[in-house]
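Coordinate analysis (summary)
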Amino acid sequence: MSIPADVQEFLDDYPGFDDQADLSNNLLFYQNKLRCRPDRKLIDEIHEDWFGDYDTLEYKHGFIQWLFPIPEYGMNYQSQPLQRHEIESMKSDPAVVKRVVQSYTMMLDFYGMALLSEESGLVGRSGPPRGFATRYRNLVRECSGRNHLSLHEFTWS
């Protein structure tokens with residue numbers, strides 16, 4: 001069985017991908033200075049308004065490539081591929097790192113999981129009052145559609 005081309009590109013760290021120093025939308029978004037498109041929300045607004053709002057997270061599609069950018073174009077043509085210089089800037093900014101963890105935590109919650117340790121990255125099932133069973137069923141039911149694309153962005157970023 002051969003590895004799909006997009007998976008191989010990811011494993012090879014996107015060979016031939018040239019950093020474009022004039023592109024910084026992902027960094028600006030995570031610095032809370034740029035609104036994502038098409039939803040027109042700052043990252044802090046998304047965290048505040050959408051955490052636990054499973055209907056919004058299920059049926060909106062444009063935000064996922066802003067929360068979890070990767071170095072390739074996705075389904076949202078209004079987002080920008082993640083640039084290597086943005087990665088370095090984001091990793092060195094504690095406020096941005098905190099927002100990345102908040103985004104991760106929000107999506108784990110959507111999928112019925114919880115971040116048990118920021119230090120180790122340990123993930124477990126969501127506990128009360130959220131509960132994991134309903135979210136797991138939704139994930140399995142929708143895994144071949146929207147959630148599959150969201151998981152792709154979520155896990156590769």
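A short tour of the structure in this document, coming up. (Residues numbered from 1 in each chain as written. Predicted model: local features only at pLDDT ≥ 70, side-chain atom pairs only at ≥ 80, totals over all residues. Heavy atoms only, no water.)

1. Let's talk about the packing of aromatic side chains
- Across all of its chains, the model carries 5 aromatic pairs by this definition.
- Ring geometry for Tyr 54 versus Phe 110: centroids 6.2 Å apart, planes at 50°, classification tilted. A residue pair is termed long-range when its members are at least 10 positions apart, and Tyr 54 in helix H4 (residues 54-59) and Phe 110 in helix H7 (residues 94-110) qualify at 56 residues. For the pair Tyr 54 and Phe 110, a shared accessibility class is recorded, and that class is buried.
- Ring centres of Phe 110 and Tyr 111 lie 5.1 Å apart, and the angle between their planes is 65°; this geometry places the pair in the edge-to-face category. The same class applies to Phe 110 as to Tyr 111, namely buried.
- An aromatic cluster is defined as three or more aromatic residues linked by ring pairs; in this entry it consists of Phe 29, Tyr 30 and Trp 66. (Phe/Tyr/Trp six-rings, centres within 6.5 Å; stacked < 30°, edge-to-face > 60°. Helix = DSSP H or I, 4+ residues; strand = E, 2+ residues; numbered from the N terminus. Buried < 20%, exposed > 50% of the residue type's maximum accessible area, 1.4 Å probe, protein only.)

2. A word on unusual backbone geometry
- Omega for the bond connecting Arg 37 with Pro 38 falls within 30 degrees of zero, at 15°, which places this linkage in the cis form.
- Mapped onto the secondary structure, Pro 38 falls in the loop between helix H2 (25-30) and helix H3 (43-50).
- The residue Asn 32 is not glycine, and still its phi comes out positive at about 65°.
- Here Asn 32 shows up in the loop between H2 and H3.
- Unlike most non-glycine residues, Arg 40 shows phi in positive territory, near 60°.
- By the secondary structure assignment, Arg 40 is in the loop between H2 and H3.

3. What about the nonpolar core?
- Ranked by internal contacts, the top residues of the largest apolar core, which has 23 residues, are Phe 29, Leu 67 and Met 107.
- The element contributing the most residues to this core is H7, with 4 residues. (Core = buried A, V, L, I, M, F, W, Y, C linked by side-chain atoms within 4.5 Å.)

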